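Residue strings, one per chain:
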Amino acid sequence: MKILYTLFLLISLSFAGDATIEVIKKVESLPSLAVEESSTSYDDTFKLKFFKSLIADLNVISIFNVDRHYRQVDFDASDVVVENKDMKYVLRYQVFEDDSGYFNAKIKLLKESQEVMNKSYKIKKKDFYMFIAHAIAYDINEFMGEPSVAWMKRKVIFSRVVAPRKSELVISDYTLSYQHIVVTGGFNVFPKWANKAQNKFYYTSLDGAKPSLKKVDIKTGKTQTILSSDGMMICSDVSDDGTKLLLTMAPKGQPDIYLYKTNTRKYSKVTNYSGIDVNGQFVNNEEVVFISNRLGYPNVFSKKLGSRDVEQLIYYGKSNAACSANNEYIVYKSRESSNAFTKNTFNLHLISRKTDFIRRLTATGVNEFPRFSKDGDAILFIKNYKAQSSIGIIRLNHNKNYLFPLKYGKVQSLDW
Amino acid sequence: MKSIVLSSVVTALLMFSGCSDKDPEVSSSSNSNAQEVEAVQTETVSSDNGIISSGSDSLSMSELEKQLSSVYFGFDKFAISSDMKSDVATDADIAKANASSYTLKLEGNCDEWGSDEYNFALGLKRADAVKKALVAEGVDASKITMVSYGESNPTCSDKTQACWSKNRRVDFKLLP
C-alpha cells in the first residue's frame with residue numbers, strides 16, 4: 001500500500017508542472033471579485049470605458065470570478081455596496097484629473113470588507129488609461145502571490161494588411177485598446193522587436209527590387225537597411241541579448257535559415273535543404289526549432305547550432321506550418337482539414353518534448369502565428385474567424401483564451 | 001503604503017516624438033490616438049508605378065507585361081502542372097524576344113490559408129519553379145528577380161474554391 005501511495009505521489013509530482021496537461025479550475029472555485037467605481041472627474045462614457053478595460057484585465061489574470069456589474073460608491077465609504085456584500089474581494093477605484101492635467105488612479109482592495117492593499121497611479125495623458133488598468137491588474141496579481149503576468153505590460157507590434165500589398169506596422173498594448181501606427185505606406189511585414197527594452201524593431205520591406213530587412217529606432221525614428229535578399233527576407237527570431245538573429249533568406253531562390261550576428265554583420269547558413277526551411281526559433285540560444293517540408297509536408301524540426309543532425313519534433317498532424325518554442329514546450333499551428341475545396345480549420349497545439357503529451361489550444365477558425373511570452377506563461381496568436389481578425393492570448397496554466405478583435409484590416413504577423 | 005507608479009512601458013511609448021520623415025514613413029506623432037500619418041506617395045517606386053512608357057515604335061513595357069500570362073498552381077504545390085507548361089513556354093518566348101532588354105520580376109502568391117513564413121516560402125518556391133522553367137527555355141537567369149507576397153496580394157477575395165485557385169499564382173512584372 002505504501003509503495004502504491006509513493007508511486008501515486010511520484011506520478012502526481014512529475015506531472016504537476018506540465019502545461020500540456022489541462023488544468024481546469026472550476027469557475028465556482030475561484031474567489032469572487034466585484035469592482036466599485038468612485039471617480040470624480042471625466043464623463044460617464046470615459047468612466048465606463050476605463051471600467052471595461054479594468055474588468056477585461058482582471059478576467060485575463062484568471063484568478064478571480066469577476067463580477068461585471070458597474071456600481072458606483074464613495075471612495076471612502078466604510079461599507080461595500082449592498083449587492084457586493086457576499087463578494088470575497090472588492091476592488092474600489094477612483095480616476096481623476098489633477099491640477100497639472102495628469103490622469104490619476106487610486107485603488108483599494110477589500111477582502112471581506114477589510115482593506116488589504118492600496119496603491120496610486122499617475123500618467124501624463126488620459127489616452128494611456130489602458131496601461132494604468134494593466135498595471136492595476138498586474139499589481140493585484142502580484143499581491144495575490146500568483147505567477148507573474150509581466151507580459152501584460154509589454155508592447156505588441158503587428159503588421160496589419162489593409163489592401164493587397166498595402167500594410168501598416170502598429171504598436172499596441174496586448175488588448176489592442178492602444179494603437180500607434182509606426183510605419184505606414186508600402187508593403188511591410190514580419191515586424192520583430194530588436195531588444196528586450198522594445199525601443200527598436202526589425203521588419204521586412206517588400207517595396208524595393210529585393211525584399212529588405214530594416215531596423216527602426218523608435219526614439220529617433222531612424223530607419224536603417226540591414227540586408228537584402230532575392231525572394232525572401234524575414235527576421236524570424238532575435239536572441240535574448242539581441243546580438244543574434246535567425247533570418248529566412250533565399251539569395252538563390254532557395255528559402256533557408258541563416259544566423260546573423262549583429263556585431264560582425266556576417267551571416268552563416270543554419271539549414272541546407274533543397275525544399276523549404278523557415279520560421280527559425282532560438283531555444284536557449286544553442287538550438288534552432290524550425291519549419292521544414294523535408295518530409296513532403298510542413299512540420300516542426302530542430303537542429304543544434306553547429307551540428308548537422310536534424311530531429312523531427314512533431315508526429316501529429318499532416319501540415320504544421322508555424323511554431324514558437326520556449327524551453328521544452330513547442331506551440332505549433334496544425335491544419336485540421338486538408339483539401340482545396342472547403343474552408344480549412346487551423347488549430348494551435350502545445351507539446352512538451354519531455355512528456356510527448358499534446359494539448360489542443362484552440363477550437364475554431366484559422367489560428368496562427370503563435371508566439372510565447374518570454375516567461376512561457378502565455379501565448380499570443382492571430383485568429384481569423386468569420387471575416388474577423390483578432391489577436392488572442394492563451395493563459396496556459398488557466399486553460400483560458402481571450403480574444404481582442406481588430407477594428408479593420410487583417411493581422412499578418414506579430415511579436416511581443 | 002502609497003506609491004506612485006509610472007509605467008516604464010508608457011514612458012517608452014511617450015518617447016515616440018522626434019521621428020524624422022523616412023521611407024516608408026515612420027510616424028512622427030507623439031499623440032497616442034493612433035493617428036495615421038499619410039503615406040509619402042512618391043518615395044517608393046514599386047514595379048507598378050515605376051513603369052515608364054518608352055514612346056518608341058517597339059511595344060511599351062506595360063503592353064509587354066500584359067502579354068505575359070500568370071502561372072497557376074495546385075493547393076500546397078509548387079511544381080508547374082502540365083496544363084501550365086505551354087503558358088510558361090509562351091512567356092519564355094516573349095522574355096527572350098521583345099522583353100529581352102528588361103529585368104523580369106516573378107511575384108509568387110498564395111491563397112488565404114496562412115500568413116506565416118511557410119506560405120511566403122511556398123510563394124517563393126512557385127516563383128523559383130517558373131524561373132527554372134524559363135531558364136530551361138533559354139531565358140537569361142541574371143535577368144530574373146523573385147519576390148514572394150504570401151497571401152497578401154490576392155486578386156480575388158471571395159471564399160470560393162475558384163477564387164483561392166486564382167490566388168495561387170506567379171505574376172510577371174517587367175523592370176527597366
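Please refer to the structure placed before this passage.
Rules of the game
- Residues numbered from 1 in each chain as written.
- Chains lettered and ligands numbered in written order.
- Predicted model: local features only at pLDDT ≥ 70, side-chain atom pairs only at ≥ 80, totals over all residues.
- Helix = DSSP H or I, 4+ residues; strand = E, 2+ residues; numbered from the N terminus.
- Buried ≥ 20, exposed ≤ 12 C-beta atoms within 10 Å, placed from the backbone.
- Rg over C-alpha atoms; globule rule 2.2 N^0.38 Å.
- Contact = placed C-beta atoms within 7 Å.
- Axes fitted to C-alpha atoms, helices over the stretch in contact; angles between N-to-C directions.
- Left-handed = near helix turned anticlockwise from the far one by under 90°.
- Nonpolar A, V, L, I, M, F, W, Y, C, P; charged D, E, K, R; others polar.
- Pairing = 2+ DSSP bridges.
- Core = buried A, V, L, I, M, F, W, Y, C linked by C-beta atoms within 7 Å.
- Expected span 1.5 Å × (residues − 1).
- Arc of directions from axis to C-beta.
- Right-handed = clockwise from strand over helix to strand, strands pointing away.

(A) Region of the structure containing the overall build of chain B. Counting secondary structure elements, chain B contains 5 helices and 6 strands. Here chain B holds 176 residues, and 41% of them are scored as buried.

(B) Focus on the overall build of chain A. Across its full length, chain A holds 3 helices and 30 strands. Since a compact globule built from 416 residues should have a radius of gyration of about 22 Å, the 24 Å found for chain A is in line with a globular shape. Dimensions of chain A, computed from the C-alpha atoms along their principal axes, are close to 70 × 70 × 45 Å. Counting the 416 residues in chain A, one finds 45% classified as buried. Long-range pairs, those at least 24 residues apart, make up 39% of the contacts in chain A with a sequence separation of at least 6.

(C) Representation of the packing of helix 3 (residues 85-96) of chain B against helix 4 (residues 117-136) of chain B in the model. Residue and element names in this part refer to chain B. The geometry of helix 3 relative to helix 4 is characterised by a closest axis approach of 9 Å and an angle of 65° between their N-to-C directions. Seen along the crossing, helix 3 lies across helix 4 with a hand that is right-handed. Between helix 3 and helix 4, the contacting residues are Val88, Asp91, Ala92 and Ala95 on the first element and Val130, Ala133 and Leu134 on the second. Residues of the contact of helix 3 with helix 4, tallied by class, amount to 6 nonpolar, no polar and 1 charged.

(D) Just the sheet that holds strand 11 (residues 200-205) of chain A, in detail. All names here are of chain A. Taken in spatial order, the 4 strands make up an open sheet running 10-11-12-13, and their pairing is antiparallel. Each edge of the open sheet carries a strand with a single partner, namely strand 10 (188-193) and strand 13 (223-228). Put simply, the sheet's adjacent strands are angled 25° from each other on average, direction ignored. Across 6 bridges, strand 11 lies against strand 12 (residues 212-217) in antiparallel orientation. Bridging across to strand 12, Tyr202 finds its partner in Lys215.

(E) Representation of the pairing of strand 7 (residues 156-163) of chain A in the model. All names here are of chain A. Within strand 7, 6 of the 8 residues are buried, which leaves it mostly tucked inside the rest of the structure. Sheet topology places strand 7 next to strand 8 (residues 166-172); 7 bridges connect them, and they run antiparallel. Note on strand 8: the bridge partner recorded for Val161 is Ser167. Linkage of strand 7 to strand 8, two consecutive antiparallel strands, is achieved through a turn of 2 residues, within which Arg165 is found at a positive phi near 60°. With 5 bridges joining them, strand 7 and strand 30 (residues 410-415) adopt antiparallel strand pairing. Within the sheet, the bridge partner assigned to Ile157 lies in strand 30 and is Asp415.

(F) Spatial organisation of the nonpolar core. Residue and element names in this part refer to chain A. Ile132, Leu247, Cys323, Ile330, Val331, Leu380 and Leu414 are the most contacted members of the largest nonpolar core, which totals 141 residues. Considering each element in turn, this core owes the most residues, 10 residues, to helix 3 (residues 129-143). Not counting residues within four places of it along the chain, the set of residues in contact with Val331 comprises Cys323, Ser324, Leu348, Leu350, Leu361, Pro370, Phe372 and Ile379.

(G) Inspection of unusual backbone geometry at higher detail. The phi angle at Asn399 of chain A is positive, at roughly 60°, despite the residue not being glycine. By secondary structure assignment, the location of Asn399 of chain A is in the loop between strand 28 (388-395) and strand 29 (400-405). Judged by local crowding, Asn399 of chain A falls into the partly exposed class, with 16 C-beta atoms found within 10 Å. Within the chain, Asp76 of chain B stands out as a residue other than glycine whose phi angle is a positive 60°.

(H) Spotlight on helix 3 of chain B. Residue and element names in this part refer to chain B. With 12 residues, helix 3 should cover 16 Å at 1.5 Å per step; its first-to-last C-alpha distance of 16 Å lies within 8% of that length. All buried positions along helix 3 are accounted for by Asp91, Ala92, Ile94 and Ala95. Each buried residue of helix 3 lies within a common arc of 160° when the element is viewed along its axis, so the set occupies one face. With respect to the buried face of helix 3, the exposed residues turned more than 90 degrees away are Lys85 and Ser86. Those residues of helix 3 that are buried lie in contact with helix 2 (61-67), strand 4 (103-108), helix 4 and strand 6 (169-175).

(I) Highlighting the packing of helix 2 (residues 44-60) of chain A against helix 3 of chain A. Residues and elements named next belong to chain A. Two elements in contact, helix 2 and helix 3, have axes whose closest approach is 9 Å; the angle formed by their N-to-C orientations is 35°. The hand of the helix 2/helix 3 crossing is right-handed. Residues Phe50, Ser53, Leu54, Asp57 and Leu58 of helix 2 form the contact with helix 3, whose own contacting residues are Tyr129, Met130, Ala133, His134, Ile136 and Ala137.

(J) Examining the pairing of strand 5 (residues 144-148) of chain B more closely. All names here are of chain B. Across the 5 residues of strand 5, 5 count as buried, placing the element largely inside the fold. Side chains of strand 5 alternate between two faces, with Ile144, Met146 and Ser148 and Thr145 and Val147 buried alike. Of the pairings in the sheet, the one linking strand 4 to strand 5 comprises 5 bridges and is parallel in character. Across the sheet, Leu106 pairs through a bridge with Met146, a residue of strand 5. Between the parallel pair strand 4 and strand 5, the chain is carried across by helix 4, and the sense of this crossover is right-handed.

(K) Inspection of the sheet that holds strand 17 (residues 266-269) of chain A at higher detail. Residue and element names in this part refer to chain A. Sheet architecture is open: 4 strands sit in the order 14-15-16-17, paired in antiparallel fashion. Of all strands in the sheet, those with a lone pairing partner are strand 14 (233-238) and strand 17, marking the two edges. Geometrically, the sheet is characterised by an average inter-axis angle of 30° between neighbouring strands, direction not taken into account. When strand 15 (residues 244-249) meets strand 16 (residues 256-261), the two strands line up antiparallel, connected through 6 bridges. Across the sheet, Met249 pairs through a bridge with Asp256, a residue of strand 16.

Everything listed here is a matter of geometry and, on its own, says nothing about what the molecule does.
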